[in-house]
Structure formats: C-alpha cells, structure tokens
Amino acid sequence: MYLEPSMKQMVIRRTVRKFAEERLSPVAVEMDATGTFPSEIIREMAKLQYFGLEIPAHYGGAGLDAVSYAIVIEEISRSCAAVGLCICVHNSVSANPIYEFGTEGQRKTFLVPMAEGQAIGTFCLTEPNAGSDVSSLGTIAIRDGNGYVLNGNKVFVTNGGMSSVNLIFAVTNTTGKQKRYSVFIVESERKGLEKGPNEELMGMRGNPVCPIALNDCHVPVENRLGGEGQGLKIALSSLVDGRIGIASQALGIAQASLDVSLEYAKERYQFGKPLSEFGAIQNYLVNLVTRVEGARLLTYRSAYLKDQGLAHTKEAAMAKLYASEVAVDVTRVGLQIHGGYGYTKAYPIERYYRDAKACEIYEGTSEIQRLVIARSLGYG
Amino acid sequence: MDIIVCIKQVPDVPNIRLDEHRMTIIREGVEGIINPLDCVALEAAVNLRERQGGRITVLSMGPPQSEEALREALAFGADQAILLTDPAFAGADTLATSHVLATAISMLKPFPDLVICGRQTIDSDTGHVGPQIAEELDLPQVCGVNEIHPQGDSLVVKRLYDGFQDTFRVNTPALLTVSQDLSSPHHIPLGDLERAFSDREIIRWAIKDLNLKPEEVGLGGSATRVWKLRKAASKRRGEIVTGSTQSLVEHVIRKLEALSILDEESGNG
Ligand SMILES: Cc1cc2nc3c(=O)[nH]c(=O)nc-3n(C[C@H](O)[C@H](O)[C@H](O)COP(=O)(O)OP(=O)(O)OC[C@H]3O[C@@H](n4cnc5c(N)ncnc54)[C@H](O)[C@@H]3O)c2cc1C
Ligand SMILES: Cc1cc2nc3c(=O)[nH]c(=O)nc-3n(C[C@H](O)[C@H](O)[C@H](O)COP(=O)(O)OP(=O)(O)OC[C@H]3O[C@@H](n4cnc5c(N)ncnc54)[C@H](O)[C@@H]3O)c2cc1C
C-alpha cells in the first residue's frame, strides 16, 4: 500500500498553495468583513482553470484526478474558505453532473463556459420545507409543450449571487404515490427566475449564498439534465462526490487553524515560558495534529477510490463527517489556545471557527452522514 | 529564438539541513522545488518566445527525481525537457556540473541562440555554474541581468551592479544569468500541470549519451573537495531589558542610534 501523493499531486499542492497565499490570503479578511466576492479573483482563477478541475481538457477543463481535486480544494480553503466553497460547489455538484449526465449539446452550451470560468454554477436542492428531508421537495415542473414550467422556492444557494447556471431539482409528476424528481439547468437570466438578497451568514461570508425563486419559469426540454425522473439519482451521486469536496474544505480550514495555533503556542509566553511548554496545551495540539492527519487520510482515500472507479459512498460520508467535526474541534480548541486574543478579529482563528461550522451542515448534516454510514452497515 | 534554460532542483528553503558527516545537503524527506531564480529565467524565456517565436528547452543535471522539476518547467511553458542523470554525475562540484551541462548544450542541434541560468541557487549559492558554462562554450556572458531586449541578432541587457545600472549589447549566441528583478514568474494553469505529468516526454541523457568519461564528471571530474563542514554558531543574541515604558523606549532608541539604524539628528523630528 502506497499512501503518498504522486509527484504531480505534490507539484499541484505547491502551485495552488503559492497562488492561494499570494492572492487569496490577502483578500480573505475583507471578503469576510464585507461579504463580497472580488470579481478579479474569479477572472484570475478562471485563467488558471480552477473552474473545471475534473472536466476533461476538450471541454475546457484541467482534467485532474479526484485526489488532485481534493488537494486543490484543501489548499484554497486553507487560505480562504469562502473561495474554497465557491470552487468546490461549482465543480463537484454543478459542472461535474453536467459533464456526467449531460448531452453533448448541454456540455457545449453550459459546461464549456462553466469550465472556463465564464459561468458560475449552483446546485439548488434545499427548500424552506425540505432540508435533510429531500422527499419533501415542493418545487414543481409541469410539462408544457416543448418544455416545463417551474414553480417553487430554493434557499441557501451557494454562489447564488454570482451564478449564471443553476441546477434546479423539481418534482415532475403530480400524480402517483412516489414523487419523481428531475433536474433542470436554468440560466440566471431566464424569465421567472429571481434571486433574493444574500444571507447574512455566520461564516463563509465571502460567498453570496441566496434564495432563488421560480415563478412560472419556462424551461425548454433541452435544459433537462438526464431523463425525467432521474433527479434523485443525479442529486445523490453528485452529493457523494460533493462530500469529498466538503471534507477537503474542512481539512484546509483545520490545517490553517493548526498552523496558526502551533505558531501562537510557541510565541505566547505566560508564567515565563511559551504556551507550548505547558502539558495541557501540548496535549491539545498533539490530539489536533493527529486528528487532522486522520481526516486527511480518510479524505484522500475516498478520492482515491473514486479515481479507481470503486464504490465510495460510505467512505465519502465518513470523510465528510470526520473532517468537518475535526475542523470544528481544531478551530474551537485553537481559539482556546489563543485565549482572549483568539476571540478578537486581530487573529484569523475566529474566522476559521465560524467557517468550519458550515462544513457540519451543508451537503448533508453530520446526523445525515451518520444515517448514510448506518445504512451501509445494514441498519435501516 | 532557441533558448536553453538551466534549472536545478533544490530543497525547499526553510527546510535545508546539512549532513555534517557526509558533507552533503540532506534531501531525503525534503520537498524539491525549482531554484526560484530559475523560474525567473524561465519566465524571461517565455516572454522572449512570445515576442520572437522559437523554442524553449529546459536542462537539468540531477538525480532521477529532478524529473519533477522538469515537468513543472514543461507546465510553466517549456517545449522540451532534458534530464542529465547518471550515478556517475553524483558528487559534482560546480566545475563538473558546468562541464556536463556545457557538453549537453553543445550537442543540441541547432545550437541555441541563448542560454539562461539563475544567478545563483538557494542551496549552494556559488553563482559559478552560469559563467563556467559560458567559458566552456566560449559564449559572451552577462550575469545578474534585470532587463533583456532583443535587437536583431543581438540583445541589449541591463543589470544593477554596485549601485550602477549597466547596459550591454551582446551578440547571440550568448549566456545570461538573471536576477530577481527581471520578472515575476506567472502562476501555472492546473491543466498544464496535468498534461506535463501525464502526456509529456522527458529526454534522459546519461554519461554515454554525452560521450564523457567517468573522470570528467561527478566526484572524479571535480576540482574541489569539501574538506570540513560544520554549522556556524548563530551570532544573533537577544537581550532582555526591564523597566518602565519610558525607560524601555529610551533604551531602544539609544540602541538603534548606536547601530546607526536611527539617526541622532532625526530623533525628535
Ligand atoms: C452556508 C450554507 C450553504 C448552503 N449551500 C447549499 C447549496 O448550495 N445547495 C443546497 O441545496 N443547499 C445548501 N445549503 C443547505 C444545507 O444543505 C441544509 O441547510 C442542510 O441540508 C440541512 O437542512 P436544514 O437546514 O433544513 O435543516 P433540517 O433538515 O431542518 O435539520 C435540522 C437538524 O435536525 C437534524 N435532522 C434532520 N433530520 C434528521 C434525521 N432524520 N435524523 C437525525 N437528525 C436529523 C439535522 O441534522 C439538523 O441538525 C447550504 C447551507 C448553508 C448553511
Ligand atoms: C555543502 C556543500 C559545499 C559545496 N562546496 C562547493 C565548493 O566549495 N566548490 C564547488 O565547486 N562546489 C561545491 N559544492 C557543489 C555545488 O554545490 C554543486 O556543484 C552544485 O550543483 C552547483 O553549484 P550551485 O548550486 O552553487 O550553482 P550556482 O552556480 O549557484 O547556480 C547558478 C545557476 O546555474 C544553473 N545550475 C546549477 N546547477 C545546475 C544543475 N545541476 N542543473 C542545471 N542547471 C544548474 C541554474 O540555472 C542555477 O540557477 C558544494 C556542495 C555542498 C552540498
């Protein structure tokens, strides 16, 4: 068993880290403070192919493997989690499903501009009354001649405020006991699609997360992704790979917290010695370092299984569950190590703490990940 | 314009550790990066190719893992990469290194118009290799350039030296070593990295491909031997002073004045 990244993956990590430290770290504080996402960052990252990470070159992407993808998201999130979230959602649950389930026409029309970073994508599943419980989806798409008419409300749309392409999950049958879902690619400028104001988030504040309302929104049949009734399958399979991305995000935030906490413990003197000399603080740090390494192994392994074409539903759920809980713990304990200074905005740890918390919630809460894992153990 | 860029893989700088017994740099477990000034050289080559057309070949002498640096250079924009690798090359000093690199360059057809090196490396820092290659190939050389302007068959280059800006016109073929101010290396698109590692070839030349004899290369071809290596004791010593804020500030000001960092005149300015 060989558990080291390849030569290519090491160079990718270095390349992304250098970019992120030079370009993202300096804007992270301002993005958090003002809740804005600088458009020049999008343009720069588009040129460097961050918007088509796993999309093959002939559709304008970088054609990376899943482990490299995980490393990219980890390194971006280490510098700026809100950008990490943007890249992660755009790639794993918006561009990738269009590549995987789209027709050649849809790939040309929607995927190529997305991979080139000209069009930002979203994934719109959650509704006011359907969060963890996807079976309560209320957005309806009624067949109408050559297309569908969509009505409903989506909430918590990551990238919503700057998106051009939105994947909308809707119910396509109004009769029959079992609801059948379908996915529609809906352009932001399409009549009947309306974006609400951005949420005032606790963390990930640089990302414009907003609601999207669909009022008699006519969508041509060519915009349906996959067959009618394939929606749930597309949602679930996208979320499996999405979780590798969230795990990587959590990992990046955890690593950033660890880096600053290890440093702080060496620099801060109390009782005539650095904090790192106190047994209690050492214990904290040792536990955190160990758990971050565990999260990293779970995350890379789930990506590796994906690269091998092997089943990885359980592994991605475990990686997402573990890495996000580790991230919350590392930031919480890291803040504790910083004492009162950690509770101020003079240090980045309070931002990491707020950012990390989101990873336990989206793309399936920790409770839902435990359900997925329990199911893989044969529990109902 | 046919350009050769010589690149060396060096340990990532904060991690450099020395093996005092074997008198070498410890490379195991340390990430190797392209010597930072060699990236500046590469960027300059890419800019020249943009204006003049032509081809960029990257050349490195090193152990097999230097392939990583060459592939990164391909992603950066090089057209071709040559790795000079052979157990016989091990232990080379700067003379033996330059000899192997110069021999490889002399075998390229057509002979390049320009060879670019970094002015020095971050691991050994001798700054010998560029000038020695130029001497062996009998090329005009300018070291530490911070501007390059092609003009017909020649180049107008500038460098900062002893507080003066020197301007030279050199006929090609020529060799330049570059300083940090010349350019800032661009970020590499991820797809270019993917292709550099999955689709591109690295040409490998060993001692026999260069028609060199073992006594001309590696330790045998070296004019110098490292005799003794020890870590220099750090001369930085801290001083802890206590007292009131006022007296501490005065103390620091006196110290800074004594070191001529702060000028007495400007004290109250
Ligand atoms: C910053 C941010 C970005 C987001 N981006 C997107 C996006 O881009 N697209 C999108 O579709 N959604 C997005 N979401 C929504 C997110 O996926 C949902 O918030 C999440 O799935 C939980 O749904 P809910 O908020 O309705 O909580 P609920 O489902 O109401 O859950 C409340 C609590 O009950 C628990 N719970 C619920 N059911 C069970 C159960 N069966 N067993 C045990 N516990 C249970 C949950 O774990 C949770 O702790 C985002 C959310 C946030 C905060
Ligand atoms: C502890 C120690 C002490 C040493 N002391 C001496 C000594 O006293 N005298 C001596 O002659 N050697 C010495 N060496 C060997 C010397 O470091 C090597 O020969 C080294 O490969 C070349 O020197 P440099 O890194 O200083 O190159 P520099 O001359 O500083 O490099 C300038 C440029 O030349 C090019 N270049 C350099 N090396 C390569 C390469 N391998 N492949 C491609 N391009 C390259 C690059 O463009 C680089 O930017 C020592 C080595 C060690 C580890």
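Note that the structure is predicted; figures quoted are calculated from it, not measured.

Turning our eyes to something else, we now look at empty space enclosed by the protein. Residues and elements named next belong to chain A. The full count for this structure, using the stated rule, is one cavity of 30 Å³ or more. Roughly 50 Å³ of volume is contained in the largest cavity. Lining the largest cavity are A28, M31, D32, C80, A81, A82, M204, R205, G206, R351 and D355. Contributing elements (two or more residues each) for the lining of the largest cavity: helix 1 (7-34), helix 4 (81-101) and helix 9 (349-359). Ranked by residues supplied to the lining of the largest cavity, first place goes to helix 1 with three residues. A per-class count over the lining of the largest cavity returns six nonpolar, one polar and four charged. Split by domain, the residues of the lining of the largest cavity number at least three in each of domain 1 (7-120) and domain 2 (122-229).

Residues and elements named next belong to chain B. Near ligand 2 you find 29 residues, and of these K8, D38, T121, S124 and T126 are the closest. Between N35 and ligand 2, the recorded distance is 3.2 Å, taken from a side-chain N or O atom to an oxygen atom. At 3.2 Å, a side-chain N or O of T97 approaches an oxygen atom of ligand 2. Protein burial of ligand 2: of its 940 Å² of free accessible surface, 85% is covered by the chains. Those elements that provide at least two residues to the shell around ligand 2 are strand 6 (55-61), helix 3 (94-106) and strand 8 (114-118). By residue class, the composition of the shell around ligand 2 is 11 nonpolar, 12 polar and six charged.

Facing 23 residues of chain A, the contacting portion of chain B comprises 17 residues. Across the chain A/chain B interface, buried area totals approximately 1,700 Å², and carbon plus sulfur atoms make up 63% of it. Considering only the surface of chain A that becomes buried against chain B, M7, R14 and L48 of chain A emerge as the three largest contributors, covering 35% of it. Seen at the junction of chain A and chain B, the total is four salt bridges. Where R14 of chain A meets E72 of chain B, a salt bridge forms, and the shortest distance between an N and an O atom there is 3.2 Å.

Another aspect to go through is the domain arrangement of chain A. Residue and element names in this part refer to chain A. Here the domain parsing of chain A yields domain 1 (7-120), domain 2 (122-229) and domain 3 (232-376). Its C-alpha centre places domain 2 at a distance of 30 Å from the equivalent point of domain 3. The interface of domain 2 with domain 3 comprises 13 residues on the first partner and 15 residues on the second. Between domain 2 and domain 3 lies a buried interface of about 1,100 Å² when both sides are counted; carbon and sulfur atoms form 77% of it. If you sort the residues of domain 2 by the area they bury against domain 3, F123, M202 and M204 come out on top, with a joint share of 46%. Our enumeration of links across domain 2 and domain 3 arrives at two residue pairs in polar contact (both at pLDDT 80 or more). Here the side of domain 2 that touches domain 3 is composed, by residue class, of nine nonpolar, three polar and one charged.

Residues and elements named next belong to chain A. Throughout the structure, instances matching the rule amount to zero disulfides over all chains. Of all cysteine sulfurs, the one in C88 lies closest to C86, which takes part in no disulfide; the gap is 9.7 Å. With no disulfide of its own, C88 lies closest to C359 among cysteine sulfurs, the gap being 8.7 Å. For C88, a relative accessible area of 0% puts it in the buried group.

What follows concerns unusual backbone geometry. Cis geometry marks the peptide bond from K109 of chain B to P110 of chain B, where omega comes out at -5°. Summarising the element assignment, P110 of chain B is placed in the loop between helix 3 and strand 8. Note that the residue after T172 of chain B, namely P173 of chain B, is joined by a cis bond; omega there is -5°. On the secondary structure map, P173 of chain B appears in the loop between strand 11 (164-171) and strand 12 (174-178). Unusually for a residue other than glycine, F156 of chain A sits at a positive phi of about 55°. Mapped onto the secondary structure, F156 of chain A falls in strand 3 (residues 147-157). You can call F156 of chain A exposed: its relative accessible area is 52%. Located in the positive-phi region is N211 of chain B, a residue other than glycine, with phi close to 55°. Exposure remark for N211 of chain B: the relative accessible area of 65% places this residue in the exposed category.

Reading guide: rules and limits
- Residues numbered from 1 in each chain as written.
- Chains lettered and ligands numbered in written order.
- Predicted model: local features only at pLDDT ≥ 70, side-chain atom pairs only at ≥ 80, totals over all residues.
- Heavy atoms only, no water.
- 1 Å grid on protein atoms, 1.4 Å probe; cavity = no way out; pocket = protein on both sides within 12 Å on 5 of 7 lines; lining within 4 Å.
- Points joined across faces, edges and corners; volume = space filled by probe spheres on them.
- Helix = DSSP H or I, 4+ residues; strand = E, 2+ residues; numbered from the N terminus.
- Nonpolar A, V, L, I, M, F, W, Y, C, P; charged D, E, K, R; others polar.
- Domains from an automatic or database assignment.
- Near = heavy atom within 4 Å.
- Polar contact = N/O pair within 3.5 Å; in protein donor to acceptor, adjacent residues only side chain to side chain.
- Areas by Shrake-Rupley, 256 points an atom, 1.4 Å probe, with all protein chains shown as cover.
- Contact = heavy atoms within 4.5 Å.
- Buried area = accessible area lost by both parts, 1.4 Å probe.
- Salt bridge = Lys/Arg side-chain N within 4 Å of Asp/Glu carboxyl O.
- Disulfide = S-S within 2.5 Å.
- Buried < 20%, exposed > 50% of the residue type's maximum accessible area, 1.4 Å probe, protein only.

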